[in-house]
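Chains, contacts and geometry: an overview
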Amino acid sequence: MLLIDCPSCGPRDENEFHYGGQAGIACPTGDMTDERWAEYVFMRDNPKGWFHERWFHVHGCRTWFTVERHTVTHEIRKPR
Amino acid sequence: MRFTFDGRPMTGEPGDTLAAALLRNGVRVVGRSVDLGRPRGIFAAGPEEPNALVRVGADPILAATTVELHDGLEARSLRGKGRVDLDAVDERRCDKGYLHCDVLVVGGGPAGLAATLAAGRSGARVILVDDQPRLGGDLLNSRLLLDGAPALDWVAGLDLPARVLTRTTAAGYYDHNYVLAVERRARGERLWHIRARRVVLATGAHERSVAFPGNDRPGVMLAASARAYANRYGVRAGRRAVVFACADSGYEAAEDLTAAGVDVLAVVDPRPSGLPADVEVLAGQVVTGTTADAEGVLTGVRAGARHFDADLLAVAGGWNPAVHLFSQSGGRTRFDEELAAFVPGTSAQAERPAGACRGLYGTREAIADGYAAGAEAAGRTVPGLRVPECGERPLRRPAALWLVERTPGSEPAFADLHRDVTVADLARATGTGMRSVEHVKRYTTAGTGADQGKTSGAVVVGVMSALLGAAPGQVGTTTFRPPYTPVSFATLAGRDRGALSDPVRTTALHDAHVARGAVFEDVGQWKRPWYFPRDGEDMEAAVRRECHAARTAVAAMDASTLGKIDIRGADAGEFLDRVYTNMYSTLAVGACRYGVMCGADGMVFDDGTTTRLADDHYLTTTTTGNAAAVFDWLEEWRQTEWPDLDVSFTSVTDHWATVAVAGPRARQVIAAVAPEAVELAFMRYASVPVLGVPGRVFRISFSGELAYEVNVPWRYGRALWEAVLELGAVPYGTETMHVLRAEKGFAIVGQETDGTVTPQDLGMGWIVSARKPDFVGKRSHARPDTARQDRKRLVGLLADDPAALVEEGAQLTAAGVAPMLGHVTSSYHSAALGRTFSLAMARNVSPGDRLTAVSGNVAHPVTVVEPVFYDPDNTRRDGDPLVESPAPYAGECRSESPAAAFAARFEAASTPRAHLREVPFEPMWEVRGTDPGAGLRLGPDWWLVTGDVPPRPGWVDVSGQRTVLELAGPAAHDVLITGCPIDLDPSVFPGHAQTLLAKTSVILERVSPETYRIYVRSSFARYLAEWLIDALEAL
């Protein structure tokens, strides 16, 4: 059970949150190739190590926010 | 204390474990080994016991060394693999609880006690857990004097500034210092979820055995355990003993056994020199074998050429620090050559091992280390902590002896007693080429028993190192995984069993449905009426009657479960344009429009109607199952993609109770309950009085008939339903709803769709705007795979046999041969059509095509048709004209609070310690944007205002959305921690929070030091009421 620091509510147990996947993936706009669009819809990084990811405090303040989590140790820190 | 073992009556002493009591009664053989069926006796005195497994009550497998004796206990031995008694009644009342602390100390031995003292005195919030009934750890088993007095006097004199949980085993160490601990209580275990800022692991050490021939005889026992039975329980594990002392603790055992009246014949010490002792010491020698009587019980011990007639062989094979929790925390162990054991190496979390857990076996050094660990964990050192004096000898380096070679014809030498794994088995594994301890574990099953190899793990590694010619540190250990000791499923389930295993959501109309004998269907967590059988009708007959009423007269359904989202803001229309495939910014005020929402992948995600209530105000409905997902989805796009848009969302699903009134005569009913809505045009909405209370009426149809969705605040829902039925509407359930919509070819998200279906696939290209520059999923509709022509599309099917019901899920083929062309998604008997019909998703088919629908061994010939079976020209939409204006409904519009039915049960469950009630109705609003200067802040720019205050424009009425329960009294906190994971300590808890209680979201508000208000979604109020009553009863 991870302890996730919600920017609005403070540290809460993981099961108060929904996971939102990789952070910083903007929805592309305008004309683009099928490949570029497929990249946005289907492709995400899966690093071993530090990872920027989004969480949603669904059972709390309903805020989306980004944290950095180490995918091996689960250490969490404020995103750089 | 009287007890029975395998039906034999025996007596024990208070404070005995079952194992101690069995030894007291002279029981040598307690069971047979799992594979070889060899007789086995008690081997240890704690949770590391590999042999003495018993069944007590409904618990199928327990170590006798961990079972506290009580009067009337009935224990049975396990023969072979044992079995679960499926008829055993489990009457335990297990529970759980959440605790928070600055410092968690695991283990109440010298190091743990010292750490607790040091951390607690510095002002930290400290929790100490220990698995024994009494604190003291190994001091309980010892004759050691501290400051000249019995060691337990020192323990008793400690004033521990901590919450102390005895009989509590820390079983699992998880991420971010989350520790699960099982407290054994007479009525059933309690699983504590402990979140600690720092953890001190004072878990001690386990003694290990040596793999010598015949080392599994009943009568062979760990030396420290034999000593514990003598000192702590006053039980002699034998009369004539030999001690095998690879470590100096063997000499202490020899002295204590002698003092207890055991005739110690010799100490066998493999090291070159022994210690001075009152008994014969065979230095530089090893135990080479044992002899046994006809029962297999130990009668003698061989050490080289010597043979001793002995009924007890006490083996001090050395010590293994109990690194289980350390390792579970992610810490890495290392092999310490000096100690010949794996010890904690690099930490991964905010924890620190102390005392014997890191190889400091002396009492004084453990206490000193405990003080240091406690101070470090608390971040402050307090003066005045003294290490008591005691006369311990310095410990010599133990012998790193793992196995004694067999001679031909000797007994097998066991590495793992529980799993019957011998040295020969390990040799067979390494002989096949295995080098990894993980492979050998899986091949031989060593370490996989209920004891998880606590006494055998190091022996297996040591034997492997000898077999492979590698150092034990190179072989390494297997991974330590939770739980440290077995935890029963009943403990894990706690009170979340039966009716509380999963929340049940109910509508305001639920009691009325129950009273009418509705058969319910689970839709997500909702209970929805499936059909309303009358006079012994079966489902088919009931549904046929309900459909007939809706198609020819008037019928009504509880539609309260549909998600309802209030959407406000200057950019609300723009926002909806971006998330729906069609246009909403152009929708007229007062008009409703059906829409489909797609994911970024272009696939249908949800559908529903959206109504424009005002220029900057919409109400969107979602499917029942997707309500939460859609609500979250909107918030995601607003916050992460379009933060510049002025729009906010408020769930009002539970605020409104919704009754769908459908059928050609629906207008008659509406004229009586909401006369001002009677002229409403199709897909229009009106905010009008309903039964005299403020309501909303939408002219929306999901059946093709004239239909209205009538909304009133939750507390009037039941009154509205009763009125509508009294006015002649026939109640119908979800099955009839499905038939009616399928006859019209309306797809259901999640039934026709499965995440791979686009709006175009459903034949709904008309709902996908070509004019809008963009919406979520638009670009995906142009991807080659989404745009190709041979995708599965929605079609209708008619079986050749009009009575044959094709099974949903049936595969469609041409002429019964591959390839599969699609599958049947919906299939019903239709009263209106007088036959069966189906909807299907199929590729490359056109109306008139002949297909075969195959499911199991049944094949139905079917014909493809258009997917609209009933009234394709929508002629029935406006129903019958009003024959005469009926009188307004005269009945009372009674208000009923969501927990009204619980009032008496709340009172009955309440005690002076904890009182439970429903707080009388008060209006409530959710406020976005500007701080109202009152109420509870729920999040950024989000408040809940309660009470008789004049609402301001833009406030969303959510009076029915939540039900407020109040829990008051000195034990209120104790009730809440059994289901609320956040820290409610006054130093931390800000006064209110949105969090979880049991398995539902709540707003928890502390209105006075011992009074809490719980704001729960009204549909979860019944579930939470049941949960709270159960919690009060469990106090």
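Residue numbers run consecutively from 1 along every chain, following the written order of its sequence. Labels follow written order: the first chain is A, the first ligand is 1, and so on. In keeping with the model being predicted, local features are shown solely for residues with a pLDDT of at least 70 and side-chain atom pairs are shown and tallied solely at 80 or more, while totals for entire chains, interfaces and linings include all residues. For side-chain calculations, the full set of non-hydrogen atoms in the structure is used, while hydrogens and water are omitted.

All right, on to the overall build of chain A then. When helices and strands are counted, chain A shows one helix and six strands. Working definition: helices are DSSP H or I runs of at least four residues, strands are E runs of at least two. Numbering for both runs from the N terminus. Each helix (α) and strand (β) of chain A, taken in turn from the N terminus, gives the series β-β-β-α-β-β-β. Looking at chain A residue by residue over its 80 residues, the buried ones come to 46%. Considering only residue pairs separated by 6 or more positions, chain A has 46% of its internal contacts joining residues 24 or more positions apart. Taken together, the 10 basic and 12 acidic charged side chains of chain A have centroids lying 5 Å from each other. For each residue, the accessible area found with a 1.4 Å probe, counting protein chains only, is set against the maximum for its type, and the residue is called buried under 20%, exposed over 50%, and partly exposed in between. The contact definition used throughout considers only heavy atoms, calling two residues in contact when any of these lie within 4.5 Å. For the purpose of charge, His is not counted, nor are the chain termini; Lys and Arg are scored as positive and Asp and Glu as negative. The atom standing in for a charge is NZ when the residue is Lys, CZ when it is Arg, CG when it is Asp and CD when it is Glu.

Residue and element names in this part refer to chain B. A pair of Phe, Tyr and Trp rings is counted when the ring centres sit within 6.5 Å of each other, with Trp represented by its six-membered ring. The angle between the planes then sorts it: under 30 degrees is stacked, over 60 is edge-to-face, the rest tilted. Counted according to the given criterion, the structure contains 23 aromatic pairs over all chains. Their ring planes at 55 degrees and their centres at 5.0 Å tell us that Phe575 and Phe649 sit as a pair that is tilted. Placement of Phe575 in helix H15 (residues 572-579) and of Phe649 in strand S38 (residues 648-651) is noted, with a sequence separation of 74 residues between them. By relative accessible area, which is 0% here, Phe575 ends up buried.

Residue and element names in this part refer to chain B. Note on geometry: axes are lines fitted to C-alpha atoms, helical ones only across the stretch in contact, with angles between N-to-C directions running from 0 to 180 degrees. Across the interface, helix H8 (residues 423-431) lies against helix H10 (residues 457-468) with an axial gap of 10 Å and an inter-helix angle of 50 degrees. With respect to H10, the element H8 is oriented oblique. Read as a crossing pair, H8 and H10 show a hand that is right-handed. Side by side, H8 and H10 meet where Val423, Leu426, Ala427 and Thr430 of the first sit next to Val460, Val463, Met464, Leu467 and Leu468 of the second. Note on angle classes: values under 35 degrees are labelled roughly parallel, values over 145 roughly antiparallel, values of 65 to 115 roughly perpendicular, and the remainder oblique. Crossings are sorted by hand: turned counterclockwise from the far helix by less than a right angle, the near helix makes the crossing left-handed, and turned clockwise it makes it right-handed.

Before going further, it helps to examine the interface of chain A and chain B. Counting residues at the interface gives 33 residues for chain A and 33 residues for chain B. Once two parts are brought into contact, the accessible area they lose, counted with a 1.4 Å probe and summed over both, makes up the buried area. Here chain A and chain B share an interface that buries about 2800 Å² over both sides, 50% of which is from carbon and sulfur atoms. By definition, a salt bridge exists where a carboxyl oxygen of Asp or Glu is found within 4 Å of a side-chain nitrogen of Lys or Arg. Our count for the contact surface shared by chain A and chain B stands at four salt bridges. Between A:Asp34 and B:Arg779 there is a salt bridge, and its shortest N-O distance comes to 2.7 Å. Mapped by element, the contributors of at least two residues to the side of chain A that touches chain B are strand S2 (10-13), helix H1 (34-42) and strand S4 (50-56) of chain A. Of all the elements, H1(A) adds the most residues to the side of chain A that touches chain B, at six residues.

Next up on the list: the side chain of B:His860. All names here are of chain B. By the element assignment, His860 lies in strand S49 (residues 858-865). His860 gets classed as buried once you look at its relative accessible area, which sits at 18%. Setting aside its immediate chain neighbours within four residues, His860 contacts Ala804, Leu805, Val806, Leu851, Thr852 and Ala853.

A word on the domain arrangement of chain B. The parts lose accessible area when they come together, and the size of an interface is often stated as this lost area. Residue and element names in this part refer to chain B. Where each domain begins and ends follows an automated or database-derived domain assignment. Here chain B is partitioned into domain 1 (1-89), domain 2 (93-206 + 321-378), domain 3 (402-475) and domain 4 (900-921 + 959-1034). Taken together, the contact between domain 2 and domain 4 spans 11 residues of the former and 12 residues of the latter. When the two sides are added together, the surface that domain 2 and domain 4 hide from each other amounts to roughly 910 Å², 44% of it contributed by carbon and sulfur. Considering only the side of domain 2, the residues that lose the most area to domain 4 are Arg93, Tyr98 and Arg125, jointly responsible for 53% of the buried surface there. Linking domain 2 to domain 4 there are three salt bridges. For Arg93, the salt bridge is made with Asp1030, and the minimal N-O distance between the two is 3.4 Å. Secondary-structure elements contributing two or more residues to the side of domain 2 that touches domain 4 are strand S8 (95-106) and strand S15 (190-201). If you tally residues by element for the side of domain 2 that touches domain 4, the top one is S8, at six residues. When grouped by side-chain class, the residues that make up the side of domain 2 that touches domain 4 number three nonpolar, two polar and six charged. Under the scheme applied, nonpolar residues are Ala, Val, Leu, Ile, Met, Phe, Trp, Tyr, Cys and Pro; charged residues are Asp, Glu, Lys and Arg; polar residues are all the others, including Gly.

Next up on the list: the UniProt feature "domain: Aminomethyltransferase C-terminal" (unreviewed entry) in chain B. Mapped onto this numbering, the UniProt entry annotates "domain: Aminomethyltransferase C-terminal" (unreviewed entry) at residues 792-871 of chain B. Along residues 792-871 of chain B, the helical share is 0% and the strand share 59%, with 25 Å between the first and last C-alpha atoms. UniProt positions are given in the numbering used here, feature names are shortened, and annotations may be inferred rather than shown by experiment.

What follows concerns helix H16 (residues 627-640) of chain B. In a regular helix each residue adds 1.5 Å, so 14 residues correspond to 20 Å; H16(B) covers 20 Å between its end C-alpha atoms and thus fits that length. All of the buried residues along H16(B) are B:Ala627, B:Val630, B:Phe631, B:Asp632, B:Trp633, B:Leu634, B:Glu635, B:Glu636 and B:Trp637. By this rule, a helix spans an expected 1.5 Å times one less than how many residues it contains.

Residues and elements named next belong to chain B. Taking burial as the measure, the 12 residues of S8 include 10 buried ones, the bulk of the element. Strand pairing requires that DSSP identify at least two bridges connecting the strands. With four bridges connecting them, S8 and strand S9 (residues 126-129) associate as parallel partners. Bridging across to S9, Val105 finds its partner in Leu128.

Bringing the sheet that holds S4(A) into the picture now. All names here are of chain A. In space, the four strands of this open sheet follow the order S3-S4-S5-S6, with antiparallel pairing throughout. At either margin of the open sheet sits one strand with a lone partner, and together these are strand S3 (18-22) and strand S6 (76-77). The sheet contact formed by S3 and S4 spans three bridges and is antiparallel. From the neighbouring strand, His18 faces S4, where its bridge partner is Phe56.

With that settled, the discussion passes to the pairing of strand S48 (residues 850-855) of chain B. Residues and elements named next belong to chain B. Relative to S48, strand S45 (residues 811-814) runs antiparallel, the two being bridged by three bridges. Within S48, the residue paired with Gln811 across the bridge is Val854. Bridge count for S48 against S49 is six bridges, and the pairing is antiparallel. Along S49, the bridge assignment pairs Ala853 with His860. Turn length for the S48-S49 hairpin, with the two strands adjacent in sequence and antiparallel, is two residues, and the turn residue Gly856 shows positive phi of about 60 degrees.

Our next topic: the packing of H8(B) against helix H9 (residues 437-444) of chain B. Residue and element names in this part refer to chain B. It is the contact of H8 with H9, at a shortest axis distance of 10 Å, that shows an interaxial angle of 120 degrees. Between H8 and H9, the angle falls in the class oblique. As H8 runs across H9, the sense of the crossing is right-handed. Along the contact surface, H8 presents Asp425, Leu426 and Ala429, while H9 presents Val440, Tyr443 and Thr444. Of the residues that constitute the contact of H8 with H9, the class distribution is four nonpolar, one polar and one charged.

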